[in-house]
Amino acid sequence: QVQLVESGGGLVQPGGSLRLSCAASGSFLKIDAMGWYRQAPGEQRELVATVTSGGTTNYAIAVKGRFTISRDNVKNTVYLQMNSLKPEDTAVYYCNADPVYDFYGTMRRYWGQGTQVTVSS
């Protein structure tokens with residue numbers, strides 16, 4: 001079993017910055033991709049950014065140039081630096097690890113509990 005624990009959400013004014021962190025813990029062999037998704041009220045969950053264990057990144061068009069995803073493979077932690085935040089970035093942000101390999105060859109997807117990001121003046 002794997003646990004993803006997020007931190008760093010909160011309230012920020014438009015144009016401000018926040019940094020989200022997500023640490024994976026538990027018993028596993030390897031995590032391939034880690035990333036962030038978000039879900040605004042009444043909307044579907046959407047991709048924000050992902051990073052593979054090799055460092056390849058992928059961003060949603062809406063955040064490209066403003067958000068930066070990074071990863072510490074030793075600490076099994078993924079970060080999301082969010083700059084130039086806009087009100088439309090307001091959402092619950094979820095950490096994702098997919099796939100996670102266990103010691104028996106099984107692959108699973110895991111989600112964090114979510115952290116609220118609110119951009120408002």
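Bear in mind that the values here come from a model prediction, so they are computed numbers and not experimental data. (Residues numbered from 1 in each chain as written. Predicted model: local features only at pLDDT ≥ 70, side-chain atom pairs only at ≥ 80, totals over all residues. Heavy atoms only, no water.)

Q: Got a minute to help me understand the state of the cysteines in this structure?
A: Joining two cysteines, a disulfide is a covalent bond between their sulfur atoms. In the structure shown here, the tally under the stated rule is 1 disulfide. Two residues share a disulfide in this structure: cysteine 22 and cysteine 95, whose sulfurs sit 2.0 Å from each other. Looking along the S-S bond of the cysteine 22-cysteine 95 disulfide, the torsion reads about -80°, which is the left-handed sense. Placement of cysteine 22 in strand E3 (residues 18-26) and of cysteine 95 in strand E9 (residues 91-101) is noted, with a sequence separation of 73 residues between them. For the pair cysteine 22 and cysteine 95, a shared accessibility class is recorded, and that class is buried. (Disulfide = S-S within 2.5 Å. Helix = DSSP H or I, 4+ residues; strand = E, 2+ residues; numbered from the N terminus. Buried < 20%, exposed > 50% of the residue type's maximum accessible area, 1.4 Å probe, protein only.)

Q: Even after reading the chapter, I still don't get the packing of aromatic side chains, so can you show me in this structure?
A: In this description, a pair of aromatic rings is defined by centroid distance and the angle of the planes. Counted by the stated rule, this structure contains 1 aromatic pair. Look at tyrosine 37 and tryptophan 111: their rings are 5.1 Å apart centre to centre, the planes differ by 75°, and that puts the pair in the edge-to-face class. In this pair, tyrosine 37 is assigned in strand E4 (residues 30-39) and tryptophan 111 in strand E10 (residues 107-111), connecting sequence segments 74 residues apart. For tryptophan 111, a relative accessible area of 33% corresponds to the partly exposed category. The residue whose ring lies beneath arginine 45 is tyrosine 94, and the NZ or CZ to ring-centre distance is 3.7 Å. Stacked on the ring of tryptophan 111, the Lys or Arg arginine 45 has its end atom at 4.6 Å from the ring centre. (Phe/Tyr/Trp six-rings, centres within 6.5 Å; stacked < 30°, edge-to-face > 60°. Lys NZ or Arg CZ within 6 Å of the ring centre and 35° of its normal.)

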